[in-house]
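# Reading the structure
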Amino acid sequence: QVQVVESGGGLVQAGGSLRLSCAASGPSFSNSAMGWFRQAPGKEREFVATITRRLGNPYYADSVKGRFTISRENAKNTVYLQMNNLKPEDTAVYYCAARIDYSGSYYIGASDYKYWGQGTQVTVSS
C-alpha cells in the first residue's frame, strides 16, 4: 500500500521561513504527481502547490505564489515545500497528497489525489 508522511511543521514568527518534507513509499511513482494542501479549523481544504515527478513542473495557488517553492528529490521519493515570508493567514494543517498516474494536466483538486498524509501543523504568530 502507498504511504505518505509529512514532517517539518512547527511554530514560526511572521516573516519567517519553514520547510516541509513529504516522503512517499509504495509501488510505481514513475509517472506520479504530488501536491500540498492546507486546512484551517472550520475552513475548507485548499490547494497550495503541486509538482510532477518526471519533469518537475510546479504549479502554485495565487495566495502563495512568490513566497512558497515546491521541489522534489526523485531518488528519495520526497517532495519539499519551502515556505518564506510566512503570514498569520498561512496557519493551518498542511497535508501532502500523491497520485500514481499522470495525464499531462495540473492536479489542484483534493479529489485528484488518492493517497494522503496525516498532516503537519504550521502556526505563524503575529
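Before any of the text, the structure's been laid out above.
Residues numbered from 1 in each chain as written. Predicted model: local features only at pLDDT ≥ 70, side-chain atom pairs only at ≥ 80, totals over all residues. Heavy atoms only, no water.

This part is about the state of the cysteines. Counted under the stated rule, the structure contains one disulfide. With a sulfur-sulfur separation of 1.9 Å, Cys-22 is cross-linked through a disulfide to Cys-96. With the S-S bond torsion at -80°, the cross-link from Cys-22 to Cys-96 turns out left-handed. Separated by 74 residues along the polypeptide, Cys-22 in strand β3 (residues 18-25) and Cys-96 in strand β9 (residues 92-99) bring together distant segments of the chain. Here Cys-22 matches Cys-96 in class, with each residue buried. (Disulfide = S-S within 2.5 Å. Helix = DSSP H or I, 4+ residues; strand = E, 2+ residues; numbered from the N terminus. Buried < 20%, exposed > 50% of the residue type's maximum accessible area, 1.4 Å probe, protein only.)

This paragraph deals with the packing of aromatic side chains. Enumeration over the complete set of coordinates arrives at seven aromatic pairs. With a centroid separation of 6.3 Å and 75° between ring planes, the pair formed by Tyr-113 and Trp-116 is classed as edge-to-face. By the ring-pair criterion, three or more aromatic residues cluster together here, those being Phe-37, Phe-47, Tyr-59, Tyr-106, Tyr-107, Tyr-113 and Trp-116. The lysine or arginine in question, Arg-45, covers the ring of Trp-116, its NZ or CZ lying 4.9 Å from the ring centre. The ring of Tyr-107 has Arg-99 sitting right over it, with the charged end atom 3.9 Å from the ring centre. (Phe/Tyr/Trp six-rings, centres within 6.5 Å; stacked < 30°, edge-to-face > 60°. Lys NZ or Arg CZ within 6 Å of the ring centre and 35° of its normal.)

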